[in-house]
Amino acid sequence: MLIVDDDPLISDTLTYVLSRDFEISAAESRAQVKSLLMQLDEPPQLALVDLGLPPQPHKPDEGFALIADLLGVSPSIKILVLSGQSDEANARHARALGAIDFVAKPCEPERLKSLLFNALMVQDAERSAEKTPAPAKDSGIVGSSPAMDKLREQIKQYAAAPFPVLIEGESGSGKERVAASLHQLSPRSHKPYLALNCAAISPTLVEPTLFGYAKGAFTGATSARAGYFEEAENGTLFLDEIGELPLELQAKLLRVLENGEYQRVGETQPRFSNARVVTATNRDLRAEIKAGRFRADLYHRLSVFSIAVPPLREMGEDKLVLLNHFRDFYAREAKSLPFALDARAQQMWEDYHFPGNVRELRNIAIRLTTKYPGMAVNAQQLEAELDTDQAYPQEIPLASDSKALIELARKQLQTLANFNLDVTLRQWEKAYVEAALTMTHGNLSQAAKLLGINRTTLYSRMQTYGTD
Ligand SMILES: Nc1ncnc2c1ncn2[C@@H]1O[C@H](COP(=O)(O)OP(=O)(O)OP(=O)(O)O)[C@@H](O)[C@H]1O
């Protein structure tokens, strides 16, 4: 397991406490984690990470980015976030980004161990479920909303063709699942399926990994090796995070796509591949092209067929379908009874926007299964599992749109457990006053005009709120 904390005392203590049960690698920053991951043969199964890391130890941003890095390298890694007392909102956001849970500091060693062992058990169950072959003709994609029906239809339609498919979608939305389904439903399903995450290996290793190498091609190449293109034979090669592919390799990938031709590193003789190439990205590749980081010709080749995996917030009733699916799966694995959401909690679930998509939904189902086996979960209990602080970023309707305002109010009342009307209205008023003062550089007359109130009223409000 990986421990990431810039405080040597915490890192050393955790290593001391956990090293009897786990093989530990420790790092102090995102950059150190990156180079450490390059050295390990396999990515760690577990990570325990602090959010405030250098170069910005007082902000959570490096920690948030680290969660994305780790999941990029290994989608099955289980990440626990270490959280200080004043840090709960950030820790909640970390869960939405894909961490399975947070642990408040200081944490009892026994509790920490049991959380980690539990995470390993869950991971084992998921891995064995993934290995169990899905029934033929089944995409393994759960959901019955129009968006999911369209997705399944596209998969079916594109599965049989030999052309590349580009899968686009937000992190955690199920792109890898779609790639695996394209293979399962294709006539190649009994041929190899190989997946490479371009973000997971160092740029210098991408070429030998994809194309293979001759003996002596570089230091350490003690014998010749086939690459993924060769091993995939007539099967499917899935390249995840394709936006990370270095530019010089983009040219080589383009050549394979054009005429199937490639060379092992250190060889001149051409080889040929018949593998079908499926790629995925959560970056906007068109923007990458504009920025000069991605080749336009390669993009056009890769996107002969393209599939946009919808974010979970657009999947309507599937939020409940997926909840039931994962809830039953994890309850079965834990040999416990499934929990059930009460009516208010269910409404909250339907209204929640799931910034971390299906991965976040699945992690919530795991936590609720552990905390409330066979029990009813109420809105307050559910709210503790959600990232509600970020819930309404761009959804504020115009004040004149009363229907939309009522809907917003209804959602907030459903979602926020400790709502208080007076406090909320005061916060709104204060925000408008502050915005007007900032926009007018503190000019009271102009700010009052912007706000549509007179100067004296503005002055008295400022005194109430302590705004100056
Ligand atoms: N419609 C679905 N039905 C069943 N399982 C799903 C569905 N969508 C996603 N999942 C599951 O959710 C998890 C996250 O999905 P996946 O790893 O495919 O996302 P991703 O888009 O590839 O994420 P990233 O961009 O971070 O690599 C996986 O366990 C996947 O099997």
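Remember, it's a predicted structure, so these values are computed and weren't measured experimentally.

Chemist: Requested: an account of the side chain of Arg-188, with residues and values cited.
Modeler: Tracing the sequence through the fold places Arg-188 in the loop between α7 (175-184) and β7 (193-197). It turns out Arg-188 is buried and unbridged, and the closest side chain with the opposite charge, Glu-233, is 9.9 Å from it. Of note is the side chain of Arg-188, whose polar atom sits 2.8 Å from the backbone oxygen of Asn-234. A distance of 3.1 Å separates a polar atom in the side chain of Arg-188 from the backbone oxygen of Asn-274.

Chemist: Go over a nonpolar patch on the surface, please, and point to the residues and values.
Modeler: Taken together, Leu-413, Phe-419, Leu-421 and Leu-425 make up a surface patch of nonpolar side chains, about 370 Å² in accessible area. Accessibility expressed as a relative area gives 51% for Leu-421, which makes it exposed.

Chemist: Just give me the short version of the packing of helix α13 (residues 318-333) against helix α15 (residues 357-371), but keep the residues and values in it.
Modeler: The angle between the axes and the distance between the axes are what describe a pair of packed helices. Where α13 meets α15, the closest approach of the two axes is 9 Å, and the angle between their N-to-C directions is 45°. Between α13 and α15, the interaxial angle falls into the category oblique. Viewed along their axes, α13 and α15 form a crossing whose handedness is right-handed. Contacts from Lys-319, Leu-322, Leu-323, Phe-326, Arg-327, Tyr-330 and Ala-331 of α13 reach α15 at Val-358, Leu-361, Arg-362, Ala-365, Ile-366 and Thr-369. Residues belonging to the contact of α13 with α15 are distributed by class as follows: nine nonpolar, one polar and three charged.

Chemist: For the pattern of salt bridges, give the residues involved together with the corresponding values.
Modeler: Inspection of the entire model under this criterion finds 30 salt bridges. Close ionic contact of Lys-113 with Asp-21 constitutes a salt bridge, the shortest N to O distance being 3.4 Å. Of this pair, Lys-113 sits in helix α5 (residues 109-131) while Asp-21 sits in the loop between α1 (8-18) and β2 (25-27), and the two are 92 residues apart along the sequence. What makes Lys-113 buried here is its relative accessible area of 16%. You can call Asp-21 partly exposed: its relative accessible area is 38%. The salt bridge partner of Glu-244 is Arg-283, with a shortest N-O separation of 2.5 Å.

Chemist: Go over the sheet that holds strand β3 (residues 46-50) with me, naming the residues and quoting the values.
Modeler: In a beta sheet, neighbouring strands pair by backbone hydrogen bonds and run either parallel or antiparallel. Read across the sheet, five strands follow the order β2-β1-β3-β4-β5 without closing on themselves; strand pairing throughout is parallel. In the strand order of this sheet, the two ends are held by β2 and β5 (101-104), each with one partner. Going across the sheet, the axis of each strand differs from the next one's by a mean of 20°, ignoring polarity. In this sheet, strand β4 (residues 78-83) lies alongside β3 in parallel orientation, the contact comprising five bridges.

Chemist: Break down the domain arrangement of the protein chain for me, citing the residues and quoting the values.
Modeler: Domain boundaries assigned for the protein chain yield domain 1 (2-131), domain 2 (146-310), domain 3 (313-390) and domain 4 (420-465). Counting from both sides, the interface comprises four residues of domain 1 and, opposite them, seven residues of domain 2. With both sides pooled, the region where domain 1 packs onto domain 2 buries about 470 Å², and carbon together with sulfur makes up 58% of that total. The largest contributions to the domain 1 side of the interface with domain 2 come from Met-38, Gly-72 and Val-73, which together make up 76% of the buried area. Joining domain 1 to domain 2, the criterion identifies zero salt bridges. Remark: the boundary between domain 1 and domain 2 carries one residue pair in polar contact (both at pLDDT 80 or more). The class makeup of the residues in the side of domain 1 that touches domain 2 is three nonpolar, one polar and no charged.

Chemist: Please provide a residue-by-residue account of the packing of α1 against α5, values included.
Modeler: One way to put it is that α1 packs onto α5 with a least axis distance of 11 Å and a crossing angle of 70°. Judged on the interaxial angle alone, α5 and α1 are roughly perpendicular. Between α1 and α5, the residues in contact are Leu-14, Val-17 and Leu-18 and Pro-109, Leu-112, Lys-113 and Leu-116, respectively. Of the residues belonging to the contact of α1 with α5, the class tally is six nonpolar, no polar and one charged.

Chemist: Got a sec to walk through the sheet that holds strand β6 (residues 165-168)? Specific residues and values, please.
Modeler: Reading across from one edge, β7-β10-β13-β6-β14 is the order of the five strands in this open sheet, with parallel pairing throughout. Unpaired on one side and paired on the other, β7 and β14 (305-308) mark the two borders of the sheet. Across this sheet, the average inter-strand angle for adjacent strands is 15°, counted without regard to direction. Running at roughly 160° to β14, helix α6 (residues 146-159) makes contact with β6, β13 (276-281) and β14 of the sheet. Packing of α7 onto the sheet brings it into contact with β6, β7, β10 (236-240), β13 and β14, and relative to β6 it is tilted by some 155°.

Chemist: Can you lay out the site of the ligand for me, pointing to particular residues and giving the numbers?
Modeler: Around the ligand sit 19 residues, and of these Val-142, Ser-171, Gly-172, Lys-175 and Arg-362 come closest. Here Gly-172 contributes a backbone N or O atom positioned 2.9 Å from an oxygen atom of the ligand. Between Arg-177 and the ligand, the recorded distance is 3.2 Å, taken from a backbone N or O atom to an oxygen atom. In isolation the ligand offers 630 Å² of accessible surface; the protein chains occlude 92% of this area. Counting residues per element, the ones that place at least two in the shell around the ligand are α7, α13 and α15. Of the residues contributing to the shell around the ligand, the split by class is six nonpolar, six polar and seven charged. Here the shell around the ligand spans two domains, and each of domain 2 (146-310) and domain 3 (313-390) adds at least three residues to it.

Conventions used here
- Residues numbered from 1 in each chain as written.
- Predicted model: local features only at pLDDT ≥ 70, side-chain atom pairs only at ≥ 80, totals over all residues.
- Heavy atoms only, no water.
- Helix = DSSP H or I, 4+ residues; strand = E, 2+ residues; numbered from the N terminus.
- Buried < 20%, exposed > 50% of the residue type's maximum accessible area, 1.4 Å probe, protein only.
- Lys, Arg positive; Asp, Glu negative; His and termini not counted.
- Salt bridge = Lys/Arg side-chain N within 4 Å of Asp/Glu carboxyl O.
- Polar contact = N/O pair within 3.5 Å; in protein donor to acceptor, adjacent residues only side chain to side chain.
- Patch = residues over 30% accessible without salt bridge, like charges linked within 9 Å, V, L, I, M, F, W, Y side chains within 5 Å.
- Areas by Shrake-Rupley, 256 points an atom, 1.4 Å probe, with all protein chains shown as cover.
- Axes fitted to C-alpha atoms, helices over the stretch in contact; angles between N-to-C directions.
- Parallel < 35°, antiparallel > 145°, perpendicular 65-115°, else oblique.
- Left-handed = near helix turned anticlockwise from the far one by under 90°.
- Contact = heavy atoms within 4.5 Å.
- Nonpolar A, V, L, I, M, F, W, Y, C, P; charged D, E, K, R; others polar.
- Pairing = 2+ DSSP bridges.
- Domains from an automatic or database assignment.
- Buried area = accessible area lost by both parts, 1.4 Å probe.
- Near = heavy atom within 4 Å.

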